[in-house]
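Tertiary structure, described
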Amino acid sequence: MNKLASRNNITCPFCGLVCDDLSTSLINEKLEVTANGCSLSKLAFAQLSSVNASDLRPRVSGKPVGDNELGHAIAEAAGLLRGSAQPLFSGLMTDVSGMRAITSLADRCGAILDHPNSAALTRNLSVLQNSGWITTTFSEVKNRADLIVLVGTDAVTRFPRFFERLVWNKDHLFSEELKREIVYLGDIKNTQPGVAPNGRQPLVIPCNQEKLGEIMGALRCIATGKHIEATEIAGVSIQVLEKLISKLSNARYGVIVWAVADLDFPHAELTIQSLCELVKYLNKTTRTCGLPLGGNDSDLTANQVTTWQIGFSLPVSLANGRPSYDPHHFTTTSLLAQGAVDTLLWVSSYQAQRTPPATKIPSIVLGCAGMQFENEPDVFIPVATPGLDHSGHIFRSDTVVALPLRQLRTNSLPAVAHVIGALQKLL
Amino acid sequence: MLIKLVGGKVYDPANNENGVIRDIFVQDGCIVSRPHDHSRIDETYDLNGKIVMAGAIDLHTHIGGGKVNIARAMLPEDHRQDILERSNLTRSCCGRAAPSTLATGYRYTEMGYTACFEPAVLPINARQAHMEMGDTPIVDKGGYALLGNDDFFLRMMAANEDQQLINDYVAWTLHAAKCIGIKVVNPGGISAFKFNQRKLDVDEEHSYYRLTPRQILKTLTRALHDLGVPHPLHVHASNLGVPGSDDSTLITMGAAEGLPIHITHIQFHSYGTEGDYKFSSGAARIAEAINKNSNVSVDVGQIMFGQTVTASGDNMSQHRNAHHANPKKWVVMDIECDAGCGVVPFKYRDKNFVNALQWAIGLEIFLLVQDPWRIFLTTDHPNGAPFTSYPHLIKLLMDKSFRKSVLSTIHADAIKMTTLGSIEREYSLYEIAIMTRAAPAKILGLSGHGHIGVGANADIVVYHTNDDPEIMFAKPLYVFKRGELVAKDGAIVKITLGDIHIVKPEFDGAIEKRLRAYFERYHTVNLDNFKISDDELSECGNGSRMTIHPCNKRPS
């Protein structure tokens, strides 16, 4: 069925950079990245490279349904939702059309909607909802940034091509040669990508991640001209921090990067807020912008659709026909731990390892073909992966750019939107 | 399906009908002429004593796209004050200052609006804008693409490229972003802010490109004129909110050099520098200029007292005004060498001098501009106030005693600084129908909208007669969208999907070769992923039908 096919300018959905310059080939029904792949995309494409015929069948109570009996699995799922007093729809690793279908079904069922990354989403959103920020986007960084400060992240572990695509590019709009300076601040795994092609080394300021809030506080003091008695903060000398403020104040277009997933400690939102307030302060005289990195596992895609359709961001409850936003109570972990939900619908269409959390409540899983479970869900429906098995849309880290995903092969896996739509018709 | 609407009092300015009592016939979503006597009428509505108008059109309302969604995410406390519960037809969602797309569609429809135009579609963010508009039920939609701060355009201007090439780029952008018009926001200013410039007057140079806003305005007004795009350049002028902006707004009008130009939310650009507060009304000068220059049209951007949120592409001005944020939170973004945005919550207070005078200035402009065909009723939703305040605004325009009574309650010093108390004009229903129906349809080139003559789309609103226009306009008896009854007594009775309106002016495709090279060198998306195809528009728009309006290309 599938013939040899090479494709260029393919969009990759496997991290928030959403690179759209991949080349792929499909040879003997095996999908492969042949150019511009990174560690994440190569791995993800390899895992999904081919689909075994046996993995195409939905299972009900662990038993594969017969040929052309997708409808039977969907009917079983509908039965579970019909009997549910409070369902939870989580995972939400899908594309825009999948999310549109899920929000509609959630409204019909009075479900709670959550994404497994919502604790991280909430760290950023709570800053947005309390004080806000000044941010920029990828092409601005690529063309303007002369100073890039990475706070608590090496960027490349979660966003492998960050430096390749945004930093060490040859062409810039506003100068022949853009001398970029790189600074790392925090407990950083891999600073090698921050070495410039000409060998210029980045400035590395190591400190414990949990201490970044103190460092941000000290930087704000220095920026605003307040005197600090201490000679060092969190093991970093004041002179080093003064030097960093001097660099930021003198940069034409400084960028401070954070990746919320890497700031995973109690009250990290206060660190992010302090970072954002520093950026705001610097803009009284110069231009400096924050660059939040995120969007892996299509979490920002799920959040965008939820926010525009409902008004509230994730996690949100639609119980009793009323939207309600409580980011601390409506997380999957908390709801399952408290026994506050009685049925789980889990959607995970990009990566087979993103399986649902262990639970004893009835569960329906729309997952990648070949997904392995410790506890078999009551209904498992293998679904298509957006960008491989069907076209679709996904949002990039900056939430400005939604990129089209292309279909690269044909198979019988249904799209999430199709399954959810069919399910809703039965309710 | 043949529907007869019997005996309503029709206000249809496009067809010169001012309170004419007549029947209307609807078939297949359109208004048709009186059928033969033996034709079977499937449905009849007795509209005796009711008022009938075409569906209203909001030509400037921020309903979809990145900055609107930032505003939504930012304001959970505001949403909690206006929860829309699920019904058998409508979904649960939130309203007020930054309503969800669903609430936007429901609430506009319930008020008798059947078409809404998003005025700030960043081409790089157009896909999201179309997705959000696609998730805005019932009403028709369209967007204006932002140009004039994008580096490709500014580089062409700085290199003194031919107008013809710029016209090609403008047309290419309309195709790529699937929009119906072009808007420029703070011409050159958004880009200048990225170079740390904090203000840019109409004749001041951008520090990098050495271009002035005047040059940008002249080039873009010319481009739209040459391409024959029905809607003239939609201009958010320089110096938003600045005392003294009345001067630069007058200069902005002149920069069009007689070509058609639409100046949006002009209230925010009509401030003088007189008086103890160095803040005064420029409304009289602005209105006089509008009255004299028939090439100029405006929408007002009226403010209303209360909580709202401002969402604008003008990050230079939003950053300047961020210290007014209430509650104290705000977002400013530089975006993709394309544009920018700023989101700043505002609480306009009647006891605050500046806010009180802003309110009066907007109303002065409404009342001093003589030609209702060139002034449109907007609050620049949500920047001046949420669109749900329109019925109240209409009452302020139609009822001078009500207006004067509200005026008497605002900041005492503001009362002294406005002529509003001495203006006796009251808008008639006919004039309201012009400014909310006939005129916006005309200026957008929508032949099927804004009127109820034969051949028009059957977007029809039926109001109860009421001495209080606020009550009358808040809850129409019936709203028909394409002939289907979608709202009754201010409640949704059917969910439909509106059209998306675009233009596709002719152009020389050679421009794309240059754009491709530019994108490869400087951008972070592929050119082919920047462009939205017809099929993709339909997908983004949730299956919305695309209506393409004709352009009449003029030799340049």
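Residues numbered from 1 in each chain as written. Chains lettered and ligands numbered in written order. Predicted model: local features only at pLDDT ≥ 70, side-chain atom pairs only at ≥ 80, totals over all residues. Heavy atoms only, no water.

1. Some details on the interface of chain B and chain A
Between chain B and chain A, the residue contacts involve 62 residues of the former and 66 residues of the latter. Applying the counting rule to chain B against chain A returns 8 salt bridges. Across the salt bridge formed by Arg86 of chain B and Asp107 of chain A, the nearest N and O atoms sit 2.8 Å from each other. Counting across the chain B and chain A interface gives 52 residue pairs in polar contact (both at pLDDT 80 or more). A per-class count over the side of chain B that touches chain A returns 26 nonpolar, 14 polar and 22 charged. In the sheet, strand E8 (residues 132–135) of chain A pairs with strand E18 (residues 330–335) of chain B via 4 bridges, with the strands oriented parallel. Across the sheet, residue Ile134 of chain A finds its bridge partner in E18 of chain B, namely Val332 of chain B. (Contact = heavy atoms within 4.5 Å. Salt bridge = Lys/Arg side-chain N within 4 Å of Asp/Glu carboxyl O. Polar contact = N/O pair within 3.5 Å; in protein donor to acceptor, adjacent residues only side chain to side chain. Nonpolar A, V, L, I, M, F, W, Y, C, P; charged D, E, K, R; others polar. Pairing = 2+ DSSP bridges. Helix = DSSP H or I, 4+ residues; strand = E, 2+ residues; numbered from the N terminus.)

2. Details of the packing of aromatic side chains
Throughout the structure, instances matching the rule amount to 34 aromatic pairs over all chains. Ring geometry for Tyr518 of chain B versus Phe519 of chain B: centroids 6.2 Å apart, planes at 70 degrees, classification edge-to-face. Both residues of the pair, Tyr518 of chain B and Phe519 of chain B, belong to the buried class. Through successive ring pairs, a cluster of aromatic residues spans Phe152, Tyr169, Trp172, Tyr518, Phe519, Tyr522 and Phe530 of chain B. When the ring centre of Tyr253 of chain A is taken as reference, the NZ or CZ atom of Arg144 of chain A above it lies at 5.9 Å. Positioned over the ring face of Tyr427 of chain B is Arg425 of chain B, at 4.3 Å from the centre of the ring. (Phe/Tyr/Trp six-rings, centres within 6.5 Å; stacked < 30°, edge-to-face > 60°. Buried < 20%, exposed > 50% of the residue type's maximum accessible area, 1.4 Å probe, protein only. Lys NZ or Arg CZ within 6 Å of the ring centre and 35° of its normal.)

3. Digging into the pairing of strand E20 (residues 379–383) of chain A
Residue and element names in this part refer to chain A. Burial analysis of E20 places 5 of its 5 residues in the buried class, the great majority of the element. Of the two faces of E20, the one lined by Val379, Ile381 and Val383 and the one lined by Phe380 and Pro382 are each fully buried. For strand E4 (residues 59–60) and E20, the ladder comprises 2 bridges, and the chain directions are antiparallel. In the strand pairing of E20, Val60 is matched with Val379.

4. Some details on the pairing of strand E5 (residues 51–54) of chain B
All names here are of chain B. The alternating pattern of E5 places Ile51 and Met53 and Val52 and Ala54 on opposite faces, both of which are buried. In terms of strand pairing, strand E1 (residues 2–12) meets E5 through 2 bridges, oriented parallel. For Lys9, the partnering residue across the bridge sits in E5 and is Ile51. Across 4 bridges, the pairing between E5 and strand E21 (residues 460–463) is antiparallel. Residue pairing in the sheet places Ala54 in a bridge with Ile460 of E21.

5. What to know about the sheet that holds strand E1 (residues 5–10) of chain A
All names here are of chain A. Pairing is antiparallel across the open sheet formed by 3 strands, whose spatial order is E1-E2-E3. The sheet is open, and its two borders are formed by E1 and strand E3 (30–35), each paired with just one other strand. Taking each pair of neighbouring strands and ignoring which way they run, the sheet shows an average axis angle of 25 degrees. The strands touched by helix H1 (residues 39–47) within the sheet are strand E2 (22–27) and E3, with E3 carrying the most contacts at an inclination of about 165 degrees. (Axes fitted to C-alpha atoms, helices over the stretch in contact; angles between N-to-C directions.)

6. Considering the domain arrangement of chain A
Many authors give the size of an interface as the accessible area that is lost as the parts come together. Domain boundaries in chain A define domain 1 (54–119 + 297–425) and domain 2 (135–282). Just the C-alpha atoms count here: the centres of domain 1 of chain A and domain 2 of chain A sit 36 Å apart. (Domains from an automatic or database assignment.)

7. Describing empty space enclosed by the protein
The probe, sized like a water molecule, is rolled over the atoms to show the empty space still left. Residue and element names in this part refer to chain B. On inspection of all chains with the given rule, the structure shows 10 cavities of 30 Å³ or more. Looking at the largest cavity, its volume works out to about 90 Å³. Taken together, 15 residues line the largest cavity, and the ones lying closest to its centre are Asp150, Phe152, Tyr169, Asp338 and Phe530. Breaking the lining of the largest cavity down by element, the ones donating at least two residues are helix H5 (151–158), helix H6 (163–177) and helix H18 (511–522). Residue composition of the lining of the largest cavity, grouped by class: 10 nonpolar, 2 polar and 3 charged. Of the voids in this model, the second largest cavity is the one considered here, and its volume is about 70 Å³. (1 Å grid on protein atoms, 1.4 Å probe; cavity = no way out; pocket = protein on both sides within 12 Å on 5 of 7 lines; lining within 4 Å. Points joined across faces, edges and corners; volume = space filled by probe spheres on them.)

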